[in-house]
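Remarks on the overall topology
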Amino acid sequence: MLAETICSAVSAAGLGIAAITAYRRRFLAATRIAAYSLVPVGLVMTGVVAWVTDIAFRPSVWIGFGLLASAWLLLVTTRAVERRGGGTRKERRAARAASRDSAVAPAASAPLPAPGAAAAAPQSGGRPAKKRQAAGGDDFSDIEAILKKHGI
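Because the structure is a prediction, the values reported are computed rather than measured. (Residues numbered from 1 in each chain as written. Predicted model: local features only at pLDDT ≥ 70, side-chain atom pairs only at ≥ 80, totals over all residues. Heavy atoms only, no water.)

With respect to the overall build of the protein
For clarity, the threshold we go by: In this text, helices come from DSSP runs of H or I with a minimum length of four residues, and strands from runs of E with a minimum of two, each type numbered from the N-terminal end. Only protein chains enter the accessibility calculation, which uses a 1.4 Å probe; a residue is then buried when its area is under 20% of its type maximum, exposed when over 50%, and partly exposed in between. Here the accessible surface of atoms and residues is derived via Shrake-Rupley with a 1.4 Å probe, and residues count as covered only by protein chains that are part of the display.
Counting secondary structure elements, the protein contains seven helices and zero strands. Starting at the N terminus and walking to the C terminus, you meet the elements of the protein as α-α-α-α-α-α-α. Here the protein, with 152 residues, has 8% of them falling under the buried criterion. Of the roughly 12900 Å² of accessible surface on the protein, 67% is carried by carbon and sulfur atoms.

A few points about the packing of helix α1 (residues 2-23) against helix α2 (residues 27-46)
Keep this limit in mind: A fitted line through C-alpha atoms serves as each axis, taken over the contacting stretch for helices, and the angle formed by two N-to-C directions is quoted from 0 to 180°. Here the angle decides the label: under 35 degrees means roughly parallel, over 145 means roughly antiparallel, 65 to 115 means roughly perpendicular, and every other value means oblique. In what follows, a contact means two residues having at least one pair of non-hydrogen atoms within 4.5 Å.
Contact pair α1 / α2: the axes reach a minimum separation of 8 Å and the direction vectors enclose 170°. Taken together, the axis directions place α1 and α2 in an arrangement best described as roughly antiparallel. Of the residues in α2, those touching α1 at Glu-4, Cys-7, Ser-8, Val-10, Ser-11, Gly-14, Leu-15, Ile-17, Ala-18, Thr-21 and Ala-22 are Phe-27, Ala-29, Ala-30, Ile-33, Ala-34, Ser-37, Leu-38, Pro-40, Val-41 and Val-44.

A few points about the packing of aromatic side chains
The line we're drawing: Put simply, two rings from Phe, Tyr or Trp (the six-membered ring, in Trp's case) pair if the centres are within 6.5 Å, and we call them stacked under 30 degrees between planes, edge-to-face over 60, tilted for the rest.
Overall, the coordinates contain one aromatic pair when judged by the stated rule. Judged by centre distance (5.5 Å) and plane angle (55°), the rings of Trp-62 and Phe-65 are tilted. A residue pair is termed a helical-turn pair when its members lie 3 or 4 positions apart in one helix, as Trp-62 and Phe-65 do in helix α4 (residues 59-85) at three residues. Accessibility expressed as a relative area gives 42% for Phe-65, which makes it partly exposed.

Below is the structure:
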């Protein structure tokens, strides 16, 4: 009952402002103000205001909103954990099994030469760097230049 009275008062005030605006010969603005001022009365007459006040003052409705929010939070959390963890449980088990099966000792790399001997040491296989680059197809000249610069 209080909400309906407030809505009626707001509409009456809006229509008064619209009348003053029309008196000042600003008819387009007055029409807009009148349209906005009729909205609260329309909401009261359709029953929307009564429905909203029934929802707003019932504790069971707020408990329902809380349950919906917690369900949404749980869903979002589980999706984030699943994306971070690498998929479903079956996918993680399959990945662990595949990593165990393919676990082979890594190839041993050649020992690094002494810092001063890097420039004097022959290239692997006695071939120059350009031939190795053409044969392998990989371009490591930038990396080699950095390593030589630091004496590695």
